[in-house]
Amino acid sequence: MGDIKKIGVLTSGGDAPGMNAAVRSVVRSSVYNEIECFGIYKGYHGLINGIIKKLDARSVNNIINKGGTILKTARCKDFREKSGREKAYNNIKSHGIDCLVVIGGDGSFTGAMIFSNEYDIPVIGIPGTIDNDILGTKYTIGYDTALNTVVESIDKIRDTAISHNRLFFVEVMGRDAGHIALNAGIGAGAEEILIPEENMGLDRLLESLKNSQKSGKSSSIVVVAEGDKTGKNVFEIASYVENNMPEYEVRVSVLGHMQRGGAPSCFDRVLASRMGVYAVENLLKGKNNVMVGIENDKLILSPLEQAVKGQTEVNKNLIRVSEILSI
Ligand code: F6P
């Protein structure tokens, strides 16, 4: 514990609901352990430009329920340059910050790892992204909230789809991963779920939609992950189906950034709170270049190097569940 007196915390990359709960947890755990905590604003941009402010237990009042991140966030190109990281190091030293907690996704962790290796600054990552695509944790902060947001939105789309006998293609986020599409698709009772991990092909999609129409379905929801490779994009997939099933009225709905907003679910608040405490405790134990994760309800650490190299696999059993239930 001895050497650490000041911890810096930042959020980086795409914001995710629950990031504020994680910031609150890091700040209050630091204060609890009699360590000073500094908020670094706008991710690595704030580190490079010295936008750094001391936070105390009261600075994080009333944020556990808030979406977004009070520290702001950015995808910072300058931190990829050696010159940017040098400025960041100088700012860290001038504030006397000994180590960093980085809340973000794999891009943010890549920067953290390079920086830590270059300047011997201990870093711990906390996975915050709605995509749930980070190796070393079953769940990332924000994923559960995003799932609930998507399910709630599709429930609403279903009301109008039924009323008009329409076929809806709903695009959801997830970058190159299909976790949101697959889980929210099952939760919302989608007819078909298209994910990057399993290219079903346009012909099979068409066949399946024709079969379900024959079996008496008059409206349907197809969930399409933004990274899916079945067509070029959701609009192309939709018009292919529309051209081949002219009897159906087809509509496309791209849910977009609303999936990243909103109050975090209880699951995300608890996950973020636990991860923040664990991150600070492990920094004080001298851990470095690791990411906090959760497996079987236990908090674990894994090398940041692993988190930036791999992606968690989608649960292929869920594909079967969806196929069986969408007859
Ligand atoms: O990583 C989170 C995420 O929302 C992805 O699902 C999506 O592909 C991407 O960020 C969008 O990024 P931006 O907000 O920079 O457009």
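Residues numbered from 1 in each chain as written. Predicted model: local features only at pLDDT ≥ 70, side-chain atom pairs only at ≥ 80, totals over all residues. Heavy atoms only, no water.

## A look at unusual backbone geometry
Which entries qualify depends on this criterion: Counting from the N terminus, the helices are the DSSP runs of H or I reaching at least four residues and the strands are the DSSP runs of E reaching at least two. Only protein chains enter the accessibility calculation, which uses a 1.4 Å probe. A residue is then buried if its area is under 20% of the maximum for its type, exposed if over 50%, and partly exposed in between.
Backbone geometry places Asp120, a non-glycine residue, at a positive phi of 55°. Considering the arrangement of structural elements, one finds Asp120 in the loop between α4 (106–119) and β5 (123–127). With a phi close to 50°, Asn165 is a non-glycine residue in the positive phi region. When its relative accessible area of 41% is taken as the criterion, Asn165 is described as partly exposed.

## Looking at the domain arrangement of the protein chain
Just so we agree on the cut-off: Domain limits in this description derive from either an automatic procedure or a database domain assignment. By definition, residues are in contact when any of their heavy atoms lie within 4.5 Å. By buried area we mean how much accessible surface two parts lose on assembly, using a 1.4 Å probe and totalling the loss over both.
Under the domain assignment used here, the protein chain contains domain 1 (6–142 + 264–309) and domain 2 (143–260). The C-alpha centroid of domain 2 is placed 34 Å from the C-alpha centroid of domain 1. The partner domain 2 presents 13 residues to the 18 residues of domain 1 that form the contact. It is Ile130, Asp131 and Asn132 in domain 1 that bury the most area against domain 2; as a group they hold 43% of the surface buried on that side.

## Remarks on the site of the ligand
Put simply, the test is: Whether a residue is near a molecule or strand depends on its heavy atoms: if one lies within 4 Å, it is near. Between N or O atoms, a polar contact is any pair within 3.5 Å; within protein, one atom must be a potential hydrogen donor and the other a potential acceptor, and residues adjacent in sequence are included only when both atoms are from side chains. Accessible surface is estimated by sampling points in the Shrake-Rupley manner with a 1.4 Å probe; for residues, cover comes only from the protein chains shown.
Arg75, Thr129, Ile130, Asp131, Met173, Gly174, Arg175, Glu226, His257 and Arg260 make up every residue found near the ligand. At 2.5 Å from an oxygen atom of the ligand is found a side-chain nitrogen or oxygen belonging to Glu226. Between the ligand and Arg260, the relevant distance is 2.8 Å, taken from an oxygen atom to a side-chain nitrogen or oxygen of the residue. Protein burial of the ligand: of its 390 Å² of free accessible surface, 75% is covered by the chains.

## Observations regarding the sheet that holds strand β11 (residues 298–303)
Using the following cut-off: At least two bridges found by DSSP between two strands are what make those strands a pair. Only the stretch in contact is used when fitting a helix axis, every axis being a line fitted to C-alpha atoms; angles between N-to-C directions are given from 0 to 180 degrees.
The sheet built from 7 strands is open, its strands ordered β3-β2-β1-β4-β5-β10-β11 with mixed pairing. Only two strands of the sheet have a single partner each, and these edge strands are β3 (52–55) and β11. Ignoring strand direction, the axes of neighbouring strands in this sheet form an average angle of 30°. Across 6 bridges, the pairing between strand β10 (residues 290–295) and β11 is antiparallel. Pairing of Met291 across the sheet is with Ser302, part of β11. Along the sheet, helix α1 (residues 19–32) contacts β1 (6–11), β2 (36–40), β3, β4 (99–104) and β5; its crossing angle with β4, the most-contacted strand, is approximately 160°.

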